[in-house]
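Residue-level listing of the chains:
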Amino acid sequence: MDLALEEAESVEGIEKTPGPGVTGPGAKARSLWSDAWHQLRRNPVFIISSLMIAFLVIISIWPQLIASGDPLQCDLSKSQQGSSPGHPFGYDTQGCDVYTRTVYGARASITVGVCATVGAALLGSVLGGLAGFFGGWGDALLSRVADIFFGIPVVLGGLVFLSVVTSTTVWPVVGFIVLLGWPQIARIGRGSVITAKQNDYVQAARALGAGNGRMLLRHVGPNAVAPVIVVATIALGTYIALEATLSFLGVGLRPPTVSWGIDISNAASQIRNAPHMLLWPAGALSLTVLAFIMLGDAVRDALDPKLR
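Conventions we followed
- Residues numbered from 1 in each chain as written.
- Predicted model: local features only at pLDDT ≥ 70, side-chain atom pairs only at ≥ 80, totals over all residues.
- Heavy atoms only, no water.
- Helix = DSSP H or I, 4+ residues; strand = E, 2+ residues; numbered from the N terminus.
- Buried < 20%, exposed > 50% of the residue type's maximum accessible area, 1.4 Å probe, protein only.
- Contact = heavy atoms within 4.5 Å.
- Areas by Shrake-Rupley, 256 points an atom, 1.4 Å probe, with all protein chains shown as cover.
- Polar contact = N/O pair within 3.5 Å; in protein donor to acceptor, adjacent residues only side chain to side chain.
- Expected span 1.5 Å × (residues − 1).

**Student:** Any chance you could break down the overall build of the protein for me, citing the residues and the numbers?
**Tutor:** The helix and strand inventory of the protein stands at 12 helices and zero strands. In sequence order, the secondary structure elements of the protein are arranged as α-α-α-α-α-α-α-α-α-α-α-α. Evaluated residue by residue, the protein yields a buried proportion of 43% over its 308 residues. The contacts of the protein with a sequence gap of at least 6 include a subset with a gap of at least 24, amounting to 69%. Total accessible area on the protein is roughly 15600 Å²; 66% of this is exposed by carbon and sulfur atoms.

So, in structure tokens, the structure goes:
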């Protein structure tokens, strides 16, 4: 029986097509992932966005590499002053170095974005995948629960949920984003699993006696995860922007945490007197969100055969 199952699994390889530029009867076929990586390496959008994200991740882990100051060390005598030697972005209202706070602000935003994306992707893909594979009452229940969460306005929900939280760490914000972000991933994962389980190689494995666990892990899961990765990559940039929005409204991250949203909120009332206080953290936030959206678009183009 095991030999028969292995032969059924080989049916998956038959459906793989040679990559671009590979021809001839002896040409080795590429899998979806190797073909996608082959295309991504030649996509300038992917290269540029990856370099930007790599830089942001590095400075979020080791901000002292490019900023030697302390983001919490302030001098009121320098309040709202412009750029000066050693302080190219000037000072904010409290006399803190805007450059140092902009560099250190990447840590909170990247942490929230990555942790929220991983949490929402894991929870949503597991629940959606199980519901799509088994169907029945569990599928109907998940769909109705997801509809309830889709009906909650994100910003309003954040104002209500986070206004009662007193913690100054990133975890309440991460938990809130995961709470409202998993239904989207679950719906994508559910539809992808329903499509994948109808393929011939899955039906062949089922006919040869493969169990549900084997089919999920060996056949359905690997062929249904691509849409989830695409949606999660694009959502990461959205989650970073959502964290900044909630922090701007005063219910997200709170001082002494250094965050772009907090700095933008503090600078909003002084935009005419000291525009540099707003432009630098807002520009860093915009570039970060743009980088993740560009990465998501490149991954989508590589993983979607209809776009090739």
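On we go from here.
**Student:** So what's going on with the side chain of Thr-288? Which residues, and what values?
**Tutor:** Relative to the helices and strands, Thr-288 resides in helix α12 (residues 276-303). Among the polar contacts made by the side chain of Thr-288, one reaches the main-chain carbonyl oxygen of Ala-284 at a distance of 2.8 Å. Here Thr-288 is in contact with Leu-56, Ile-110, Ile-240 and Trp-260, once residues within four sequence places are set aside.

**Student:** Before we move on, can you summarise the environment of Ile-58 with the specific residues and values?
**Tutor:** Assignment of secondary structure puts Ile-58 in helix α3 (residues 44-61). Along the chain, Ile-58 and Arg-107 lie 49 residues apart, while their C-alpha atoms are 9.4 Å from each other.

**Student:** Hey, could you go over the side chain of His-276 for me, with residue numbers and the actual values?
**Tutor:** Among the structural elements, His-276 can be located in helix α12. A distance of 3.2 Å separates a polar atom in the side chain of His-276 from the backbone oxygen of Gln-81.

**Student:** I'd like a description of α3, backed by residues and values.
**Tutor:** Here α3 spans 26 Å end to end across 18 residues, near enough to the 26 Å set by a 1.5 Å rise per residue. Among the residues making up α3, those that are buried are Phe-46, Ser-49, Ile-53, Leu-56, Ile-59 and Ser-60.

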